Amino acid sequence: MLSITDTRTGKQYEIKVEEGVIRAADLRAIKTDQADQGLLAFDPGLTSTAVCHSTITFIDGEAGILRYRGYPIEQIAEKSTYEAVAYLLLFGELPDVAQLATWKASLGAEMTVPEQLPRFMDAFPQTANPMSMLMSAAAALSAIYPDARTVATQEERLVHARRLIAQMPILAAYAFRRTRGQSYVNPDPSATFGANMLRMFFKPDNSPNFGASMLRRLGGKNDEEYVPNPVLAHALDILFMLHEDHEQNCSTSTVRGVASSGADPYAAIAAGVGALSGPLHGGANEAVLRMLREIGTIDHIPAFIERVKAGDGRLMGFGHRVYKTYDPRAKIVKHTADAVFKVTGMNPLLDIAVELERIALTDEYFLKRRLYPNVDFYSGLIYEAMGLPVEMFPVMFAIGRTPGWVAHWLEFEQDKEKKLMRPLQLYTGYDRRDYPESR
Ligand code: CMC
């Protein structure tokens, strides 16, 4: 119990503390008089408010711990696959060999390209941002699969869950190839997740945009044959596993919030893609690359750091709402980058990133605020080395995060405590006034 004395009235209240939290609604009993609506917590950005129970992902931001269903992210990245992790997130346990085979087959069965997708993508100008195209295409699935509006059982929900996981990479690859004016490549369900992605992205067509050097770098042999490089395919698998879930982040809570109105999962995930696209969230990987390019050379770093410390811009890829130490995912991404650069050649921006990190980890400004590299600091360097333009980086994040969004949607739908998301506000506008005659 928490004893509260309201010094405004002298009244005493006993508020129940369970699982280390109080029910915010219990504060409403604390009133100055009958007309008072009761005490509220003011919490912009929901920095101190838990909005649900969840069994999917555990984070200890002080200790730098991330676990999916109890399994440490380090072991997941080392031993698992994207599809097995998706299964784990959705169903709570790792699949055995037979379950994994069935799961992969069921995802493969959903890897059909919606008939309307090529025309839909062609309608965008080639200059369109691929993340905007992905968001629109995810929303278009809501129109293409209207039965999603009336899902009632877990079995029905799982159809759409599988479809979203299977089709987001297709939408992403179509968006990418649209920006290059290239023909679309259909998925290969028999390939590993990473290899299928590389193939859908990079299988050459006769487009003049696809140079011989790019082909060599990515493992292609000629226009007919394209063999994804296994090291790069594995690196993508690792990156996607690291991104699969991160509990109540901005995009996941958006997905839950949209789903809370009863909207269909495609609408919810499209909103999640929108939330992810911003530079403070999934767009940070793109912003990091732009920042590194802007810095340009190592000798420009001190002046850049001084600007950041003076409040002019942020060191992108640093800092996190929850982690107050090194993001455990960032360590794995950095390690993965080494393997990728052995294949692609070193990304020259790496030296700038490493020096930025060195300075930030010793500078009083960053230490005091506990700002450490997050998952987005090194991931962009890998994507760039693979030949992806910066606009595609948030798209890659979105593909990776889809199983997490879907798992949270499924969890929300079965949650006995679920409620329409409807925060309150403190109104600070005009009091009542009369509409003027003259307008
Ligand atoms: N560079 C410089 N200063 C920073 C940074 C940064 N990256 N991040 C936070 N600060 C400062 C901020 O100015 C404030 O200083 P002061 O107390 O003097 O006003 C203090 O640190 C606390 O910052 P905050 O904005 O209150 O912290 P937050 O928890 O609201 O922000 C964040 C978290 C991730 C939005 C922020 O750290 C940030 O903008 N980082 C850069 C963008 C980024 O890398 N985002 C990816 C996050 S990880 C992947 C994901 O989840 O999507």
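So, a few notes on the structure that sits alongside this text. (Residues numbered from 1 in each chain as written. Predicted model: local features only at pLDDT ≥ 70, side-chain atom pairs only at ≥ 80, totals over all residues. Heavy atoms only, no water.)

1. What about the overall build of the protein chain?
Counting secondary structure elements, the protein chain contains 18 helices and 7 strands. Taken against the 2.2 N^0.38 rule, which gives 22 Å for 439 residues, the C-alpha radius of gyration of the protein chain at 24 Å falls within 12% of a compact globule. Overall size of the protein chain, expressed as C-alpha extent along the three principal axes, is 80 × 65 × 55 Å. The proportion of buried residues among the 439 residues of the protein chain is 49%. (Helix = DSSP H or I, 4+ residues; strand = E, 2+ residues; numbered from the N terminus. Rg over C-alpha atoms; globule rule 2.2 N^0.38 Å. Buried < 20%, exposed > 50% of the residue type's maximum accessible area, 1.4 Å probe, protein only.)

2. Topic: the site of the ligand
Among the 21 residues in the neighbourhood of the ligand, the closest are listed as His281, Arg314, Leu315, Phe318 and Arg321. At 3.0 Å, a backbone N or O of leucine 280 approaches a nitrogen atom of the ligand. Tallied by class, residues from the shell around the ligand come to 11 nonpolar, 6 polar and 4 charged. (Near = heavy atom within 4 Å. Polar contact = N/O pair within 3.5 Å; in protein donor to acceptor, adjacent residues only side chain to side chain. Nonpolar A, V, L, I, M, F, W, Y, C, P; charged D, E, K, R; others polar.)

3. A short note on the nonpolar core
Judged by nonpolar contacts, the single largest core of 122 residues is most densely connected at Phe201, Met291, Leu292, Leu315 and Leu356. Considering every element that reaches this core, the biggest residue donor is helix H6 (residues 154–180), with 13 residues. Residue contacts for leucine 292: discarding those within four places in its chain leaves Leu349, Ile352, Ala353, Leu356 and Leu381. (Core = buried A, V, L, I, M, F, W, Y, C linked by side-chain atoms within 4.5 Å. Contact = heavy atoms within 4.5 Å.)

4. Things to note about the pairing of strand E6 (residues 65–68)
A one-sided burial pattern is seen for E6, the buried positions being Leu66 and Tyr68 and the unburied ones Ile65 and Arg67. Where strand E5 (residues 57–60) lies against E6, 4 bridges are found, and the strand directions are antiparallel. Bridged to isoleucine 59 within E6 is leucine 66. Linking E5 back to E6 in an antiparallel pair, the connection comprises 4 residues, with glycine 64 at a positive phi of about 70°. Where E6 and strand E7 (residues 71–72) come together, 2 bridges link them in antiparallel fashion. Across the sheet, residue arginine 67 finds its bridge partner in E7, namely proline 72. Hairpin connection between E6 and E7: a loop of 2 residues separates the two successive antiparallel strands, and arginine 69 in this loop has a positive phi of roughly 50°. (Pairing = 2+ DSSP bridges.)

5. As for the sheet that holds E5
Overall, antiparallel pairing links the 3 strands, which are arranged E5-E6-E7 in an open sheet. Of all strands in the sheet, those with a lone pairing partner are E5 and E7, marking the two edges.

6. A word on a nonpolar patch on the surface
Taken together, Leu40, Phe42, Leu424 and Leu426 make up a surface patch of nonpolar side chains, about 430 Å² in accessible area. Mapped onto the secondary structure, leucine 424 falls in the segment after helix H18 (393–413). Given a relative accessible area of 56%, leucine 424 falls into the exposed group. (Patch = residues over 30% accessible without salt bridge, like charges linked within 9 Å, V, L, I, M, F, W, Y side chains within 5 Å. Areas by Shrake-Rupley, 256 points an atom, 1.4 Å probe, with all protein chains shown as cover. Salt bridge = Lys/Arg side-chain N within 4 Å of Asp/Glu carboxyl O.)

7. Regarding the pairing of strand E2 (residues 11–15)
Note: strand E1 (residues 2–6) against E2, 5 bridges, orientation antiparallel. Paired with aspartate 6 across the bridge in E2 is lysine 11.

8. With respect to helix H14 (residues 328–344)
Every α-helical turn comprises 3.6 residues, leaving residues that sit three or four positions apart pointing alike. If you check H14, its first and last C-alpha atoms are 25 Å apart, about what 17 residues at 1.5 Å a residue would give, namely 24 Å. Those residues of H14 lying buried are Pro328, Arg329, Ala330, Ile332, Val333, Thr336, Ala337, Val340, Phe341 and Thr344. Just past H14, the residue glycine 345 takes up positive phi, approximately 90°. (Expected span 1.5 Å × (residues − 1).)

9. Section: the packing of helix H12 (residues 284–295) against helix H15 (residues 350–360)
Close contact between H12 and H15 brings their axes to 10 Å; oriented N to C, the two are set at 95°. Considering the angle they form, H12 stands roughly perpendicular to H15. Judged by residue contacts, Met291, Leu292 and Ile295 of H12 engage Ile352, Ala353 and Leu356 from H15. The residue makeup of the contact of H12 with H15, split by class, is 6 nonpolar, no polar and no charged. (Axes fitted to C-alpha atoms, helices over the stretch in contact; angles between N-to-C directions. Parallel < 35°, antiparallel > 145°, perpendicular 65-115°, else oblique.)

10. Comments concerning the pattern of salt bridges
Considering all chains together, one arrives at 17 salt bridges under this definition. When the shortest N-O distance is used, the salt bridge between lysine 309 and glutamate 306 registers 3.4 Å. With a gap of 3 residues between them, lysine 309 and glutamate 306 both fall in helix H13 (residues 301–309), about one helical turn apart. Taking the relative accessible area as the measure of exposure, lysine 309 reaches 29% and is therefore partly exposed.

11. Side note on the packing of aromatic side chains
Any pair of aromatic rings gets described here by the distance separating the centres and the angle formed by the planes. All chains considered together, the criterion is met by 17 aromatic pairs. Arranged with centres 5.5 Å apart and planes meeting at 85°, the rings of phenylalanine 193 and phenylalanine 240 form a pair that is edge-to-face. With phenylalanine 193 in helix H7 (residues 193–202) and phenylalanine 240 in helix H9 (residues 230–243), this pair connects stretches of sequence that are 47 residues apart. Judged by relative accessible area, phenylalanine 240 falls into the buried class, the value being 0%. Summarising the aromatic geometry, the rings of tyrosine 383 and phenylalanine 393 are spaced 5.6 Å apart at their centres and angled 45° between planes, so their arrangement reads as tilted. Placement of the pair is tyrosine 383 in helix H17 (residues 376–386) and phenylalanine 393 in helix H18, with a sequence separation of 10 residues. On the basis of relative accessible area, tyrosine 383 is assigned to the buried category, the value being 0%. In this structure, arginine 369 packs its charged tip against the face of tyrosine 365, placed 3.8 Å from the ring centre. Looking at arginine 433, its charged tip hangs above the ring of tyrosine 430, at a distance of 3.3 Å from the centre. (Phe/Tyr/Trp six-rings, centres within 6.5 Å; stacked < 30°, edge-to-face > 60°. Lys NZ or Arg CZ within 6 Å of the ring centre and 35° of its normal.)

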